[in-house]
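Here is what each chain is made of, one letter per residue.
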Amino acid sequence: MSQQIIYIIIAFCLSAVCGVITIPQIINFCNRKKLYDMPSIRKIHKNSIPRLGGVCFLPSMLLAFLIGTAFYNSSCEDKQLQFSLWSVYFFISLVIIYAAGIIDDLIGIGAKTKFSFQIVAGILLPITGLFVNDLYGFCGIHEMPFLIGGPLTLFIIVFTVNAINLIDGIDGLCASVSFIALAGFLYCFMEAGVKTYSMLIASMMGVLVPFFYYNIWGSEKKKQKIFMGDSGSLTLGFILAFLYIKVTMNNPKVMPFNETSVILANSLLIVPTLDVLRVSIVRLKHHQPIFRADKNHIHHKLIRAGLSQHQALLTIIGLTFLFIILNLTLRHLVSLTMMVIIDILVWLAFQVVTNKMITKRGKPVFASISKKDDHT
């Protein structure tokens with residue numbers, strides 16, 4: 001285990017160094033080419049900000065991972081790290097998602113085209129046999145055949161990718177939620193002794209550290225601030241979806257069953273998941289198109305409730321840890337179905353409190369944006 005940790009730290013540090021080197025270069029490139037995320041009525045920022053920060057995520061992760069793997073294989077000849085068919089198809093799918101994000105950041109693509117990229121990338125995983133095949137008693141369901149688990153897996157991938165993409169609305173939020181989730185998955189894979197994915201996750205976490213710095217503390221006046229854009233959020237969303245499926249799939253030949261890991265995996269992305277569900281329901285309730293952008297996500301509501309961007313960020317991070325701690329505490333006390341019900345009740349209670357804070361300030365709980373108002 002100690003040797004494994006050393007190589008995980010090496011991969012993390014290598015990726016962080018890649019980010020430190022490349023992110024300032026990306027900022028300068030965006031400023032020269034005027035590749036900005038422009039302000040609009042549905043966005044929080046008021047100035048034009050470079051939006052290609054996520055371009056360095058995948059290259060930094062792969063470079064750090066490959067170097068870390070090479071170091072490991074050269075020093076541990078008896079325990080070589082190997083790549084499965086799942087890994088190959090995962091990387092192919094990841095490149096498809098990454099390409100879609102870059103194209104969207106550079107020239108913009110429609111929602112339907114973006115969904116098409118996600119579906120093509122998502123289909124590749126169940127084809128290789130990687131799919132959700134067990135719900136572990138949720139609603140009384142245990143093992144599932146491919147005809148059900150395959151489509152469910154595709155839905156989870158597309159849903160998670162968009163949940164992470166949509167929560168990228170204030171400084172540091174997407175990076176923070178993703179970093180916490182990656183740390184949780186890192187624990188799961190380290191516990192299972194799966195070194196390849198442990199190193200891969202560490203490689204992704206490393207580049208988020210310098211990005212977080214420039215995203216939170218980068219000076220707008222000195223043009224040192226940057227957003228991750230779709231190239232970053234879509235990439236993170238797809239990686240997290242893949243890791244979730246990998247951890248929760250019941251396949252003892254690959255990973256031994258670990259109840260704590262399954263509960264943890266189901267807790268890491270509760271906030272963006274429930275937020276997308278809530279926003280979709282609210283849009284339908286107010287007869288708004290379900291895919292039309294608005295200002296009703298959790299970070300928008302917290303800001304309308306009177307919180308600053310940093311306060312909203314800390315609140316959402318705290319809420320994320322609350323769900324993780326709550327579910328890990330409940331894992332031996334209640335069934336998985338009851339745990340989900342409790343999570344929903346906690347989420348609803350949080351929404352009630354937030355709505356009261358918004359109403360008290362004389363702000364609308366539901367912020368509608370007409371199509372002509374949204375110019376982006």
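This text goes with the structure placed above it.
Presented here is an overview of the structure given in this document. Computed from a predicted structure; not experimentally measured. (Residues numbered from 1 in each chain as written. Predicted model: local features only at pLDDT ≥ 70, side-chain atom pairs only at ≥ 80, totals over all residues. Heavy atoms only, no water.)

Our next topic: helix α3 (residues 85–106). A rise of 1.5 Å per residue sets the reference length of α3, with its 22 residues, at 32 Å; its end C-alpha atoms lie 32 Å apart and thus fit the reference within 8%. Those residues of α3 that sit buried are W86, S87, F90, F91, S93, L94, I97, Y98, A100, G101, D104 and D105. Contacts made by the buried residues of α3 are with α2 (57–75), α4 (111–127), α7 (195–217) and α8 (229–248). Note on α3: the residue one or two positions beyond its end, G108, has a positive phi of about 80 degrees. (Helix = DSSP H or I, 4+ residues; strand = E, 2+ residues; numbered from the N terminus. Expected span 1.5 Å × (residues − 1). Buried < 20%, exposed > 50% of the residue type's maximum accessible area, 1.4 Å probe, protein only. Contact = heavy atoms within 4.5 Å.)

This paragraph deals with the packing of helix α5 (residues 146–166) against helix α10 (residues 270–285). Contact geometry of α5 with α10 gives a least axis separation of 9 Å together with a crossing angle of 90 degrees. As summarised for this structure, α5 and α10 are arranged roughly perpendicular, according to the angle between their axes. Seen from α5, the contacting residues are F159, A163, I164 and L166; seen from α10, they are P272, T273, V276 and L277. Of the residues belonging to the contact of α5 with α10, the class tally is seven nonpolar, one polar and no charged. (Axes fitted to C-alpha atoms, helices over the stretch in contact; angles between N-to-C directions. Parallel < 35°, antiparallel > 145°, perpendicular 65-115°, else oblique. Nonpolar A, V, L, I, M, F, W, Y, C, P; charged D, E, K, R; others polar.)

This brings us to α10. For α10, which comprises 16 residues, the first-to-last C-alpha distance of 22 Å matches the rise-based estimate of 22 Å (1.5 Å per residue) to within 8%. For α10, every residue scored as buried is listed here: I270, V271, P272, L274, D275, V276, R278, V279, S280 and R283. One or two residues past the end of α10 sits H287, with phi positive at roughly 55 degrees.

What follows is about the pattern of salt bridges. What the rule picks out here adds up to four salt bridges. Between K114 and D104 there is a salt bridge, with the nearest N and O atoms lying 3.0 Å from each other. Of this pair, K114 sits in helix α4 while D104 sits in helix α3, and the two are 10 residues apart along the sequence. Here D275 ties to R278 by a salt bridge, and the two come within 2.8 Å at their closest N and O atoms. (Salt bridge = Lys/Arg side-chain N within 4 Å of Asp/Glu carboxyl O.)

Mapping S267 onto the fold places it in the loop between α9 (259–265) and α10. Its relative accessible area of 2% is what places S267 among the buried residues. Excluding residues within four positions of it along the chain, S267 makes contact with F323, I324 and N327.

Quick look at the packing of aromatic side chains now. Across all of its chains, the model carries 15 aromatic pairs by this definition. Judged by centre distance (5.2 Å) and plane angle (80 degrees), the ring pair of Y7 and Y72 falls under edge-to-face. Taken together, the positions of Y7 in helix α1 (residues 2–33) and Y72 in helix α2 put the pair 65 residues apart, joining distant regions of the chain. (Phe/Tyr/Trp six-rings, centres within 6.5 Å; stacked < 30°, edge-to-face > 60°.)

Looking now at the pairing of strand β3 (residues 134–138). By the bridge criterion, two bridges tie β3 to strand β4 (residues 141–143) in an arrangement that is antiparallel. By the bridge assignment for β4, F138 is matched with I141. Between β3 and β4, which pair antiparallel in sequence order, lie two residues; one of them, C139, sits at a positive phi of approximately 55 degrees. (Pairing = 2+ DSSP bridges.)

Right, let's get into unusual backbone geometry. Here the phi dihedral of C139 falls at roughly 55 degrees; this positive angle occurs in a residue that is not glycine. Residue position: C139 is located in the loop between β3 and β4. The exposed category is assigned to C139, whose relative accessible area is 52%. Of note, H287 is a non-glycine position whose phi angle comes to about 55 degrees, a positive value. Using a relative accessible area of 75% as the deciding quantity, one classes H287 as exposed.

A few words now on the environment of I170. Checked against the element boundaries, I170 lands in the loop between α5 and α6 (173–192). The buried category is assigned to I170, whose relative accessible area is 4%. Placed 139 residues apart in sequence, I170 and Q309 show a C-alpha to C-alpha distance of 6.5 Å.

The next thing to look at is the nonpolar core. F57, F90, L182, F185, F189, L236 and F238 are the most contacted members of the largest nonpolar core, which has 93 residues in total. Aside from chain neighbours lying at most four places away, what touches L236 is F57, I164, C174, S178, L182, M204, L208 and M228. Of all hydrophobic cores here, the second largest spans six residues; its members include Y136, V262, L330 and M339. (Core = buried A, V, L, I, M, F, W, Y, C linked by side-chain atoms within 4.5 Å.)

The next thing to look at is the packing of α4 against α8. Relative to each other, α4 and α8 sit at 30 degrees, their axes nearing to 12 Å. When the axes of α4 and α8 are compared, the pair comes out roughly parallel. As for the relative orientation of α4 and α8, their crossing is right-handed in sense. For the pair α4 and α8, the contacting residues are K114, Q118, A121, G122 and L125 in the first and D230, L234, F238 and F242 in the second. Per-class residue counts for the contact of α4 with α8 are five nonpolar, two polar and two charged. (Left-handed = near helix turned anticlockwise from the far one by under 90°.)

Structurally, the position occupied by R304 is in helix α11 (residues 298–304). Judged by its relative accessible area of 11%, R304 is buried. Here the side chain of R304 touches K295 through a polar contact of 2.5 Å, landing on its backbone oxygen. With near-sequence residues (within four places) excluded, R304 lies in contact with K295, N296, I358, R361, K363, P364, V365, F366 and A367. (Polar contact = N/O pair within 3.5 Å; in protein donor to acceptor, adjacent residues only side chain to side chain.)

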